[in-house]
Protein chains: 2
Amino acid sequence: MRAEYINPFIESTVDVFRTMLGCDVERTGLSVHDKFCPEYDITGIIGLSGKAHGDVVISFEEKVALSATHALIGMKYNEINDDVIDTVGELTNMIAGNAKTQLESLAMSLALPTVIVGKNHSIRFPSKVKPLSLPFQSKWGRFNIEVGLVESPEGAHCVMA
Amino acid sequence: MRAEYINPFIESTVDVFRTMLGCDVERTGLSVHDKFCPEYDITGIIGLSGKAHGDVVISFEEKVALSATHALIGMKYNEINDDVIDTVGELTNMIAGNAKTQLESLAMSLALPTVIVGKNHSIRFPSKVKPLSLPFQSKWGRFNIEVGLVESPEGAHCVMA
């Protein structure tokens, strides 16, 4: 995928964590993710489609998801439950939504987030897609964002109605 | 989600299995999926967006995914590998793509499929969405399709360019 597509996702992640959760986060790397790599404990996925189409996958350590839920809705939990799942889905939606607004020329719209729960799962893109992987560190722990976008065939894209 | 949206996904599943894999499948039920339900061994997810937006989640027993790979690309494997993952992604893409063509009035476009591998994962939609769950039986084993779609806010949808 084209490197210029990735910056809006980095900026959006930093902004959403700062403004919605009051938490500063730091990106600690950038790599092409093409290995069979296990994710953290809870993962949000959301599809995007328009002049480009693809997915954003955000995987959180459990302690990050629990702290983010506390910050977002004021509820303190010791384990993953419906509120934590909804928080992860909502963060995934907000981060992808802010980034797509910055990528206005791609005229993308969002699908719904889904949330995967369970250790030892791994998430794969189609082999023709090489998503970029962005590890982040926060005071709550680690999370990782993967973004895989490919340009859509001419005429198959959407414009805002 | 509206019940009339579900028939195109049922028809598309039967058609894709018959025409692409030479395998007849039978739907064995229909229910609202709102529980914390573990999936089978390998699961494809794809987002759709347009006048409605949502996701299709197709979870396969390993033996179904292996047999489908053999039927689709002629390769016989005993365990999940890159080709099996790509086959599951491609089947997810084809089933959702055929169904969206039938749901022309919703003017939806597809994101990319992602594929989840690992036992004991579970996949959740946002709690406001009640996806419909469609269990299927084939000569190769079982698989399950969940479809969750919600109508998009006025003005946020796409039209074909």
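I will try to describe carefully the structure that is included in this document. These numbers were taken from a predicted model, which means no experiment stands behind them. (Residues numbered from 1 in each chain as written. Chains lettered and ligands numbered in written order. Predicted model: local features only at pLDDT ≥ 70, side-chain atom pairs only at ≥ 80, totals over all residues. Heavy atoms only, no water.)

Regarding its fold elements, chain A presents three helices and ten strands. What you see in chain A, going N to C, is helices and strands ordered as α-β-β-β-β-α-α-β-β-β-β-β-β. In terms of C-alpha radius of gyration, chain A reaches 15 Å, essentially the compact-globule figure of 15 Å for 161 residues. Viewed in the frame of its principal axes, chain A has a C-alpha envelope of about 50 × 35 × 25 Å. When each of the 161 residues of chain A is scored for burial, the buried share is 57%. When the accessible area of chain A is evaluated, it comes to approximately 6,700 Å², of which 48% is carbon and sulfur surface. (Helix = DSSP H or I, 4+ residues; strand = E, 2+ residues; numbered from the N terminus. Rg over C-alpha atoms; globule rule 2.2 N^0.38 Å. Buried < 20%, exposed > 50% of the residue type's maximum accessible area, 1.4 Å probe, protein only. Areas by Shrake-Rupley, 256 points an atom, 1.4 Å probe, with all protein chains shown as cover.)

We now examine the pattern of salt bridges. Side chains bearing opposite charge may pair, as long as their charged atoms lie close to each other. All names here are of chain A. By the definition in use, this model includes six salt bridges over all chains. With its nearest N and O atoms 3.2 Å apart, the salt bridge here joins Glu61 to Arg142. With Glu61 in the loop between β4 (52-60) and α2 (62-73) and Arg142 in strand β9 (residues 141-151), this pair connects stretches of sequence that are 81 residues apart. The buried category is assigned to Glu61, whose relative accessible area is 13%. Residue classification places Arg142 among the partly exposed positions, given a relative accessible area of 39%. (Salt bridge = Lys/Arg side-chain N within 4 Å of Asp/Glu carboxyl O.)

So, on to the interface of chain B and chain A. The interface is formed by 42 residues belonging to chain B together with 42 residues belonging to chain A. There are two salt bridges connecting chain B and chain A. Between Asp82 of chain B and Arg124 of chain A there is a salt bridge, with its nearest N and O atoms 2.8 Å apart. Remark: the boundary between chain B and chain A carries eleven residue pairs in polar contact (both at pLDDT 80 or more). Counting residues per element, the ones that place at least two in the side of chain B that touches chain A are β3 (42-49), β4 (52-60), α3 (82-102), β5 (109-110), β6 (114-117), β7 (122-124), β9 (141-151) and β10 (158-160) of chain B. A breakdown of the residues in the side of chain B that touches chain A according to their chemical character gives 22 nonpolar, 15 polar and five charged. (Contact = heavy atoms within 4.5 Å. Polar contact = N/O pair within 3.5 Å; in protein donor to acceptor, adjacent residues only side chain to side chain. Nonpolar A, V, L, I, M, F, W, Y, C, P; charged D, E, K, R; others polar.)

With that settled, the discussion passes to the packing of α2 of chain A against helix α3 (residues 82-102) of chain A. Residue and element names in this part refer to chain A. Direction vectors running N to C along α2 and α3 enclose 80°, while the axes themselves pass 9 Å from each other. Overall, the two elements α2 and α3 adopt an arrangement that is roughly perpendicular. Here Ala65, Leu66, Ala68, Thr69, Leu72 and Ile73 of α2 come into contact with α3, specifically with Asp83, Val84, Thr87, Val88, Leu91 and Met94. Looking at the contact of α2 with α3 residue by residue, the classes come out as nine nonpolar, two polar and one charged. (Axes fitted to C-alpha atoms, helices over the stretch in contact; angles between N-to-C directions. Parallel < 35°, antiparallel > 145°, perpendicular 65-115°, else oblique.)

Attention now goes to the side chain of Thr13 of chain B. Note on placement: Thr13 of chain B falls in helix α1 (residues 7-21). The contacts of Thr13 of chain B, once residues within four sequence positions are left out, are Val25, Ile95, Phe136, Phe143 and Ile145 of chain B.

Right, let's talk about helix α1 (residues 7-21) of chain A for a bit. Residues and elements named next belong to chain A. Its 15 residues place the ends of α1 21 Å apart at the C-alpha level, agreeing with the 21 Å of an ideal helix rising 1.5 Å per residue. Where α1 is concerned, the buried positions are Pro8, Phe9, Ile10, Ser12, Thr13, Val16, Phe17 and Leu21. Phi for Gly22, located one or two positions after α1, is positive at around 65°. (Expected span 1.5 Å × (residues − 1).)

With respect to the helices and strands, the residue Gly148 of chain A is situated in strand β9. Gly148 of chain A sits 44 residues away from Glu104 of chain A along the chain, and the two C-alpha atoms are 17 Å apart. Sequence-distant contacts of Gly148 of chain A, that is, excluding residues within four places in its chain, are made with Met1, His53, Gly54, Asp55, Phe125, Val129 and Pro131 of chain A together with Leu112 of chain B.

Next up on the list: the packing of aromatic side chains. All names here are of chain B. Summed over the entire model, instances satisfying the criterion amount to six aromatic pairs over all chains. The interplanar angle of 25° and the centroid separation of 5.7 Å between the aromatic rings of Phe60 and Phe143 together place this pair among those described as stacked. Residue Phe60 is found in strand β4, and its partner Phe143 is found in strand β9; the two are separated by 83 residues along the sequence. On the basis of relative accessible area, Phe60 is assigned to the buried category, the value being 0%. (Phe/Tyr/Trp six-rings, centres within 6.5 Å; stacked < 30°, edge-to-face > 60°.)

Counting 44 residues, the largest nonpolar core has Phe17, Ile42, Phe60, Phe143 and Ile145 of chain B as its most contacted members. Among the elements of the structure, α1, β3, β4, α2 (62-73), α3, β6, β8 (132-138) and β9 of chain B are those that each provide at least two residues to this core. Considering every element that reaches this core, the biggest residue donor is α3 of chain B, with eight residues. By size, the runner-up hydrophobic cluster in this structure holds 43 residues, among which are Tyr5, Leu110, Leu134 and Phe136 of chain A. (Core = buried A, V, L, I, M, F, W, Y, C linked by side-chain atoms within 4.5 Å.)

What follows concerns α3 of chain A. All names here are of chain A. Taking 1.5 Å of rise per residue, the 21 residues of α3 would be expected to cover 30 Å, and the 30 Å separating its terminal C-alpha atoms lies within 8% of that figure. All of the buried residues in α3 are Val84, Ile85, Thr87, Val88, Gly89, Leu91, Thr92, Met94, Ile95, Ala96, Gly97 and Ala99. Among the residues of α3, the N-terminal cap falls to Asn81, whose side-chain oxygen and the backbone nitrogen of Asp83 are separated by 3.1 Å.

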